[in-house]
Amino acid sequence: MELTENQEMYLKILDEFIEQEVQPRIKELDVQDEYPVWMQQRLAELGFTRLVAPEEQGGFGESMTTLLLLIIRGCQVNNTLGSLLNCSNNANKLLSFANERQKEVFLPRIVEEGRFMGMAYTEPSAGSDSKAIQATAVLDGDEWVINGTKSFISYRCAVGSWQVSAKTVDEEGNPGISVFLVDANAPGVSYGAHYDKFGWCGSDTGDVYFKDCRVPRWSLCGTVNKGLHISLSTLDGARLVIAARAVGYAEGAFEKAWEYASEREAFGRHLTDFQALQHYFADMYSSIQVNKGYLMHLVSELDAGHSIGKGGSIAKLNSTLMAQQVCQRAMELCGGMGLLKDFGLSRYYEDACVIITGEGTSEIQRNIIFKALQRERR
Ligand SMILES: Cc1cc2nc3c(=O)[nH]c(=O)nc-3n(C[C@H](O)[C@H](O)[C@H](O)COP(=O)(O)OP(=O)(O)OC[C@H]3O[C@@H](n4cnc5c(N)ncnc54)[C@H](O)[C@@H]3O)c2cc1C
């Protein structure tokens, strides 16, 4: 794929940042489960938080293709870097559904400060089944009062506003689910300890509690009981972002394994001289290319304003499974070294396992793909 001048420029800036500021701290990033505030600040200073926001909103108006290229590059090096690079995409997400007051209050947090619009959807009893939530929001005069516990919520330290789902009742008494935009520091919002988990080191994943959290009436996104439409409308981009992360992890693991296997000797030969291992490298490379090619095709469709339909789910499902397999194989190819944390390869596998579950598990993607096929064939 031929890069535009701008894409080359952004990749060059990112590469310099990686070389000078990320690589020297890579071990600390890989092992210490602490959110790197410095990285968020530096990415905002370098302008990455403005990347895809429209120019009239203080952004650079770059394409999603550019964003995904950067996310792939970031994830080749470190998961948090890839994650934080996605911040600017939150601006477009916000602009797609927010009212004027919400834009005024929350957009600057994203483009100027690099603080995410976090998703607080999952609950202890509602993961894939997002309609099973227990959180409630009740209108009291001019304020909504939100109560509930959200679990498995990521990048809590980095968030400026929460997109919160809650059960509501409309004026006719019909139940439904609505989405609210809530200041991350609003009274009534509090945070539990971060989980000790496998993968996504430094993502500050844990519970978010809403206890009699009173927010202004304008915090409601769209209309009452239409919340899930809002989340669905932003999913195309979100799934492609996950697929890009998958490609980044796979490429990072591939390069690391290639470098090691080219140097390591066994039975008087380099590992890359064994045909069995050459085939593994060929398989890994091929599956990365196929998934990357499909992803780049879809994102160009999205940039052209076309709907990608079930494509987002196909990309998410296949790229994440591909990344898990490639990263696992890369570890095996490096023998015992592949399992040492210090070696820096196992984290790709861990991160690849996480994205199989996030943004809709593989089974949920298959459900979506099958339903779309049924609709198309009726
Ligand atoms: C590290 C991490 C970060 C996260 N960050 C966030 C965040 O920032 N915000 C947020 O809101 N959530 C977040 N999540 C939550 C994530 O979206 C959920 O974990 C995911 O939706 C799955 O829900 P669950 O874990 O409750 O699994 P469950 O829904 O309980 O699913 C368990 C298993 O059952 C399968 N299953 C469930 N339903 C079906 C079905 N209908 N058909 C076939 N199989 C099915 C699933 O595929 C899975 O294999 C995060 C999760 C992780 C692990």
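Residues numbered from 1 in each chain as written. Predicted model: local features only at pLDDT ≥ 70, side-chain atom pairs only at ≥ 80, totals over all residues. Heavy atoms only, no water.

Turning our eyes to something else, we now look at the site of the ligand. In the region of the ligand, 15 residues are neighbours, and Thr122, Ser128, Phe152, Thr361 and Glu363 sit closest. At 2.6 Å, a side-chain N or O of Ser128 approaches an oxygen atom of the ligand. Glu363 is positioned such that a nitrogen or oxygen atom in its side chain is 2.5 Å from an oxygen atom of the ligand. With three residues, the top contributor of residues to the shell around the ligand is helix H13 (residues 362-377). Two domains each provide a minimum of three residues to the shell around the ligand, namely domain 2 (117-226) and domain 3 (234-377). (Near = heavy atom within 4 Å. Polar contact = N/O pair within 3.5 Å; in protein donor to acceptor, adjacent residues only side chain to side chain. Helix = DSSP H or I, 4+ residues; strand = E, 2+ residues; numbered from the N terminus. Domains from an automatic or database assignment.)

Met39, Leu68, Leu81, Trp162, Val182 and Phe210 are the most contacted members of the largest nonpolar core, which totals 106 residues. Those residues in contact with Phe210, other than ones at most four positions away along the chain, are Ala120, Ile146, Asn147, Gly148, Lys150, Trp162, Val164, Val182, Gly188 and Val189. (Core = buried A, V, L, I, M, F, W, Y, C linked by side-chain atoms within 4.5 Å. Buried < 20%, exposed > 50% of the residue type's maximum accessible area, 1.4 Å probe, protein only. Contact = heavy atoms within 4.5 Å.)

Time to look at the side chain of Lys93. Structurally, Lys93 can be placed in helix H6 (residues 87-97). Of the side chains with opposite charge, Glu359 lies nearest to the buried Lys93, which makes no salt bridge, at 5.9 Å. The contacts of Lys93, once residues within four sequence positions are left out, are Met117, Met119, Gln163 and Thr234. (Lys, Arg positive; Asp, Glu negative; His and termini not counted. Salt bridge = Lys/Arg side-chain N within 4 Å of Asp/Glu carboxyl O.)

On to the domain arrangement of the protein chain. Domain boundaries in the protein chain define domain 1 (5-114), domain 2 (117-226) and domain 3 (234-377). For domain 1 versus domain 3, the distance between C-alpha centres works out to 22 Å. Taken together, the contact pairs 21 residues of domain 1 with 22 residues of domain 3. Surface buried jointly by domain 1 and domain 3 totals about 1800 Å² across both partners, of which 64% is contributed by carbon and sulfur atoms. In this assembly, domain 1 and domain 3 are joined by one salt bridge. (Buried area = accessible area lost by both parts, 1.4 Å probe.)

To characterise two packed helices, one gives the angle between the axes of the helices and the distance between these axes. Two elements in contact, helix H9 (residues 235-263) and helix H11 (residues 311-333), have axes separated by 8 Å at closest approach and are oriented at 20°. The orientation of H9 relative to H11 falls into the category roughly parallel. By crossing handedness, the relation of H9 to H11 is classed as left-handed. Here Arg239, Leu240, Ile242, Ala243, Ala246, Val247, Tyr249, Ala250, Ala253 and Ala257 of H9 come into contact with H11, specifically with Gly312, Ser313, Ala315, Lys316, Ser319, Thr320, Met322, Ala323, Val326, Cys327 and Ala330. Of the residues that constitute the contact of H9 with H11, the class distribution is 15 nonpolar, four polar and two charged. (Axes fitted to C-alpha atoms, helices over the stretch in contact; angles between N-to-C directions. Parallel < 35°, antiparallel > 145°, perpendicular 65-115°, else oblique. Left-handed = near helix turned anticlockwise from the far one by under 90°. Nonpolar A, V, L, I, M, F, W, Y, C, P; charged D, E, K, R; others polar.)

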